[in-house]
Amino acid sequence: MTRPHPAQIWIAATVVLADQITKAMVRSRLQLHESVTVIPGFFDLTRVHNTGAAFGFMDPVDFPYKSVVLSMIAVAALIGLALYSASLEASQRLTRTGLAFVIGGAAGNLIDRISAGYVLDFFDLYYGSWHFWALNVADAAINVGVALMILELLGVGRVRVPRAV
């Protein structure tokens, strides 16, 4: 097992902090479903509450202890991600960095789910009548993290040692 590099801990902590600060700002300035146009026809800040999982999956579904069940799944996923990260070699920098973003994002959303029973989303991207799912800083960090991990899989940044003939 490899110990996390201090930069990974700082990345995850920074993501959680930035996520929680921006959510606090949105909570203090916007009511539920209130919207402020940032770039007309493309980007609004709109306060929405996601009581489901990623991309609003299961949002309209209601069952007893839904928030508790989804929180427990998120905790299990965070533990799995941390264990996976610890199993990576130090040379797998992009994957380790990507996982730091994912862990920070997952932790930021978990804080919401535990403290409020929902995840606060507010970045509303759209074109015409098409809307992407609303997201937040934690979701954006998760996407950046996954992109970094995919880049590692594709071999970006890998040093290739020529073979002896």
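Bear in mind the structure is a predicted one, so any value in this text is a computation, not a measurement.

Caption draft 1: Up close: the packing of aromatic side chains. In total, this model carries four aromatic pairs according to the counting rule given. Centroid distance phenylalanine 122 to phenylalanine 123: 4.6 Å. Interplanar angle 55 degrees. Geometry classified as tilted. With a centroid separation of 5.3 Å and an interplanar angle of 75 degrees, the aromatic rings of phenylalanine 132 and tryptophan 133 are classed as edge-to-face. On the basis of relative accessibility, which here comes to 30%, the residue phenylalanine 132 falls in the partly exposed class. Linked through ring pairs, Phe43, Phe122 and Phe123 together constitute an aromatic cluster.

Caption draft 2: Layout of the environment of leucine 88. Looking at the element boundaries, leucine 88 is found in the loop between α2 (66–87) and α3 (93–116). Taking relative accessible area as the criterion, leucine 88 reaches 4% and is therefore assigned buried. Separated by 84 residues in the primary sequence, leucine 88 and proline 4 place their C-alpha atoms 9.5 Å from one another.

Caption draft 3: Spotlight on the sheet that holds strand β1 (residues 35–39). Strand order across the open sheet formed by four strands is β1-β2-β3-β4, with antiparallel pairing between neighbours. Sheet topology places β1 and β4 (130–131) at the edges, where each strand pairs with a single neighbour. Sheet analysis places β1 next to strand β2 (residues 43–50), joined by four bridges and oriented antiparallel. Across the sheet, residue valine 36 finds its bridge partner in β2, namely leucine 45. Each of β2 and β3 (119–127) is contacted by helix α1 (residues 6–29), which is oriented at about 85 degrees to β3, the strand it contacts most.

Cut-offs used in this document
- Residues numbered from 1 in each chain as written.
- Predicted model: local features only at pLDDT ≥ 70, side-chain atom pairs only at ≥ 80, totals over all residues.
- Heavy atoms only, no water.
- Phe/Tyr/Trp six-rings, centres within 6.5 Å; stacked < 30°, edge-to-face > 60°.
- Buried < 20%, exposed > 50% of the residue type's maximum accessible area, 1.4 Å probe, protein only.
- Helix = DSSP H or I, 4+ residues; strand = E, 2+ residues; numbered from the N terminus.
- Pairing = 2+ DSSP bridges.
- Contact = heavy atoms within 4.5 Å.
- Axes fitted to C-alpha atoms, helices over the stretch in contact; angles between N-to-C directions.

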